[in-house]
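Understanding the architecture of this molecule
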Amino acid sequence: MAKGTFTGSYEALPKIAKILLQLFFGWLIGGIYRICRYLEKKNIVTLVVGLLVLFTGIGNTIAWIVDLFTEIVENKIYVLAD
């Protein structure tokens, strides 16, 4: 990832900082991360999932849990964020 991008800057953070951000702001970060990732990679599925995460309650909750888990285990968001 390029460090000048939102996703590159987020991925460059220390693991504990990303976990804390996910705990408190994961409901917002998941959608924004996926939309920014779409702008970098142009994968339409990533855009659709990003919009669903931002604008639906159940999608938001599921993505928040999955993103928190993947941050703890793999140190990055990668489920439906290609």
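Residues numbered from 1 in each chain as written. Predicted model: local features only at pLDDT ≥ 70, side-chain atom pairs only at ≥ 80, totals over all residues. Heavy atoms only, no water.

1. Quick word on the packing of helix α2 (residues 15–41) against helix α3 (residues 44–55)
One way to put it is that α2 packs onto α3 with a least axis distance of 8 Å and a crossing angle of 155°. Considered as vectors, α2 and α3 are oriented roughly antiparallel to each other. Helix-helix and strand crossings are classified by hand; for α2 and α3 the assignment is left-handed. Where α2 abuts α3, its residues Leu28, Gly30, Gly31, Ile32, Arg34, Ile35, Arg37 and Tyr38 lie against Ile44, Thr46, Leu47, Val49, Gly50, Leu51, Val53 and Leu54. Within the contact of α2 with α3, the residues separate by chemical class into ten nonpolar, four polar and two charged. (Axes fitted to C-alpha atoms, helices over the stretch in contact; angles between N-to-C directions. Helix = DSSP H or I, 4+ residues; strand = E, 2+ residues; numbered from the N terminus. Parallel < 35°, antiparallel > 145°, perpendicular 65-115°, else oblique. Left-handed = near helix turned anticlockwise from the far one by under 90°. Contact = heavy atoms within 4.5 Å. Nonpolar A, V, L, I, M, F, W, Y, C, P; charged D, E, K, R; others polar.)

2. Structural notes on the nonpolar core
Side chains that are nonpolar tend, in soluble globular proteins, to be buried together. The biggest cluster of nonpolar side chains holds five residues, and these are Tyr10, Ile29, Tyr33, Ile77 and Ala81. For Ile77, the contacting residues outside a window of four places in its chain are Tyr10, Gln22, Tyr33, Arg34, Asp67, Thr70 and Glu71. (Core = buried A, V, L, I, M, F, W, Y, C linked by side-chain atoms within 4.5 Å. Buried < 20%, exposed > 50% of the residue type's maximum accessible area, 1.4 Å probe, protein only.)

3. Remarks on the environment of Glu71
Relative to the elements of secondary structure, Glu71 occurs in helix α4 (residues 57–74). As a C-alpha pair, Glu71 and Glu11 span 60 residues in sequence and 9.9 Å in three-dimensional space. With residues near it in sequence (within four places) discarded, Glu71 still touches Tyr10, Lys15, Lys18, Ile19, Gln22, Lys76 and Ile77.

4. Quick word on unusual backbone geometry
Although it is not a glycine, Lys42 sits at a positive phi angle of roughly 65°. Phi is positive for Asn75, which is not a glycine, with a value near 65°. Mapped onto the fold, Asn75 is located in the segment after α4. With relative accessibility at 30%, the residue Asn75 sits in the partly exposed group.

5. Quick word on the packing of aromatic side chains
On inspection of all chains with the given rule, the structure shows one aromatic pair. Taking the centre distance of 5.7 Å and the plane angle of 65° together, the rings of Tyr10 and Tyr33 count as edge-to-face. Of this pair, Tyr10 sits in helix α1 (residues 6–11) while Tyr33 sits in helix α2, and the two are 23 residues apart along the sequence. Judged by its relative accessible area of 5%, Tyr10 is buried. Given the relative accessible area of 0%, Tyr33 is considered buried. Sitting above the plane of the Tyr38 ring, Lys42 keeps its charged end 5.7 Å from the centroid. (Phe/Tyr/Trp six-rings, centres within 6.5 Å; stacked < 30°, edge-to-face > 60°. Lys NZ or Arg CZ within 6 Å of the ring centre and 35° of its normal.)

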